[in-house]
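# Observations on the three-dimensional arrangement
Below, each chain spelled out in residue letters.
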Amino acid sequence: MLAHFSASALTGVVVSMLLLVAPQQAHASTLEAAVNAALSRAGTLDNSEQLDPSDWLSGVPSLSLSHVESDQVLGTDETEVILNFPIKGAQWRHLDDTLARLDSQQTRASAVYRRWLYTGRVREAAWAVELADIDVQGAQAELALLTSLQQQHQSLADAGVLPLYTALITQRALIEAELTLDEALQAKNTALQAFTLLTGMGSVPSELTESQPVPTEPDWQAHPALKQLQLAREQQEALLALSSPTTTSWNLSLLARNFESPGFSEAQYGLAVQAPLTMFERPSRANQSERRSAARDYLLQKDQVWLELNDQWQALDQEAKRLAHRWELLQQAVALGDDIQTQIEALNVSNEIDSEIRLKRLVDIQQTRTELKRTSALMGRNQARRLQAAGRSL
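The text that follows walks through the structure, step by step, so that each part is easy to find.

### Examining the packing of helix 3 (residues 90-158) against helix 5 (residues 224-242)
Interhelical geometry of helix 3 versus helix 5 gives an angle of 160° and a closest axis separation of 9 Å. By the angle between their directions, the pair helix 3 and helix 5 is classed as roughly antiparallel. Considering how the two elements wind past one another, helix 3 and helix 5 form a crossing that is left-handed. When grouped by side-chain class, the residues that make up the contact of helix 3 with helix 5 number 16 nonpolar, six polar and two charged.

Structure representation (structure tokens):
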């Protein structure tokens, strides 16, 4: 026993020293603050400033130079300069406006989608720490109970009142409880490290239950994941429309010609316009095929995302009902356990109950209390997961 408690004391000293030398980290006051911290650590989306596109030019102007000399003595030499400006047609400018609007919407939707993703990570990480902490508290309560019983049984066994067998059984249960506590502490440390790595904060908020209600049925049209897909599809459709013959550029040309011959010189200046005749427009086979392929891909991706989200929602809804029923039963079990413990202590005073049976019953009562707390936490995590599946961010 001396060596055993010395090892435990040494472990406690080492842990205390590590805590003293470890760098102090911020405390997450709320889950929302933790999400903000996680997003800050991850960095911002690349929204670097770019040059604004031209409202009228569909491409880069081009310059054409030509010079033709006559091989005749009295022939005419011709020099020509043409400056071409590709001009956007009405359909092109309309698509430009559409793309500008979609780009602005996508910027906002991407920020919403990203926050939703990190909200889910923070929720899971925080509840993992909470569940691990409940396991630690339960293991500590069980260890305290067994330590008290072991001291009682050892004293009674030394006095010859109780068989040594009972004291040894209690000692073995005590060692198993310490092993369980060690595993629980390791699990909590791992969960807390994951939370810290995600948010940069050294502890989870004291209150994890969210005030926002869980919807009866999610609004799938407004879900960040599906909204992101929809906007990406609209943008792709607009980009594909740019390759359609209806968006062919107009061409505005400024011309200058010079004619030189013996005794004669003439300069000419002019303007030329090349416009597509859209009334004869027919969609190209390649453009049609690309549009149909993009539409099929979008529908398949949308179905896949929606089915995954809906399956998750249905599973969580069933889990919520199961946990609520389990919580009610455990409440009854804890209430009965309190009455049983009172009876056990009364019987123990009059030596009317076997010590081993008392040990098992008291441990079972304590484990039921821990299981009730754990089920309450699982209900809170289920609520957070349903909010996440419904697309609700912090």
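### Describing the sheet that holds strand 6 (residues 264-274)
Spatially, four strands are ordered 2-3-5-6 in an open sheet, and the strand pairing comes out antiparallel. Here the strands that pair on one side only, and so sit at the sheet edges, are strand 2 (62-68) and strand 6. Averaged over neighbouring strand pairs, the angle between their axes works out to 10° when direction is ignored. Where strand 3 (residues 77-87) and strand 5 (residues 250-261) come together, eleven bridges link them in antiparallel fashion.

### Side note on the nonpolar core
Val122, Ala126 and Phe195 are the most contacted members of the largest nonpolar core, which has 23 residues in total. One finds Val136, Ala139, Leu143 and Ala184 within the second-largest nonpolar core, a separate group that totals 16 residues.

### Details of the pattern of salt bridges
For the structure on display, the rule yields 15 salt bridges. Notably, a salt bridge pairs Arg326 with Glu371, separated by 2.8 Å at the nearest N-O pair. With Arg326 in helix 6 (residues 285-349) and Glu371 in helix 7 (residues 355-389), this residue pair connects regions lying 45 residues apart in the sequence. Given a relative accessible area of 36%, Arg326 falls into the partly exposed group. With relative accessibility at 25%, the residue Glu371 sits in the partly exposed group. Two residues, Lys360 and Glu356, come together in a salt bridge whose shortest N-O distance is 3.7 Å. Taken as a pair, Lys360 and Glu356 lie in helix 7 at a separation of four residues, close to a single helical turn. The network of salt bridges with shared partners includes Arg233, Glu237 and Arg291.

### So, the packing of helix 2 (residues 31-42) against helix 3
Where helix 2 meets helix 3, the axes come as close as 9 Å, and the angle between the chain directions of the two elements is 120°. One way to sum up the angle between helix 2 and helix 3 is to call them oblique. Between helix 2 and helix 3 lies a crossing of right-handed hand. Contact with helix 2, carried on its side by Leu31, Glu32, Ala34, Val35, Asn36, Ala38, Leu39 and Ala42, involves Arg114, Arg115, Tyr118, Thr119, Val122 and Ala126 of helix 3 and no other residues of that element. Each residue belonging to the contact of helix 2 with helix 3 can be placed in one class, and the counts come to nine nonpolar, two polar and three charged.

### Describing helix 3
Taking 1.5 Å per residue as the helical rise, helix 3 with its 69 residues ought to reach 102 Å, and the 101 Å between its terminal C-alpha atoms agrees with that figure. Phi turns positive, to about 80°, at Gly160, one or two residues after helix 3.

Criteria and thresholds
- Residues numbered from 1 in each chain as written.
- Predicted model: local features only at pLDDT ≥ 70, side-chain atom pairs only at ≥ 80, totals over all residues.
- Heavy atoms only, no water.
- Axes fitted to C-alpha atoms, helices over the stretch in contact; angles between N-to-C directions.
- Helix = DSSP H or I, 4+ residues; strand = E, 2+ residues; numbered from the N terminus.
- Parallel < 35°, antiparallel > 145°, perpendicular 65-115°, else oblique.
- Left-handed = near helix turned anticlockwise from the far one by under 90°.
- Nonpolar A, V, L, I, M, F, W, Y, C, P; charged D, E, K, R; others polar.
- Pairing = 2+ DSSP bridges.
- Core = buried A, V, L, I, M, F, W, Y, C linked by side-chain atoms within 4.5 Å.
- Buried < 20%, exposed > 50% of the residue type's maximum accessible area, 1.4 Å probe, protein only.
- Salt bridge = Lys/Arg side-chain N within 4 Å of Asp/Glu carboxyl O.
- Contact = heavy atoms within 4.5 Å.
- Expected span 1.5 Å × (residues − 1).

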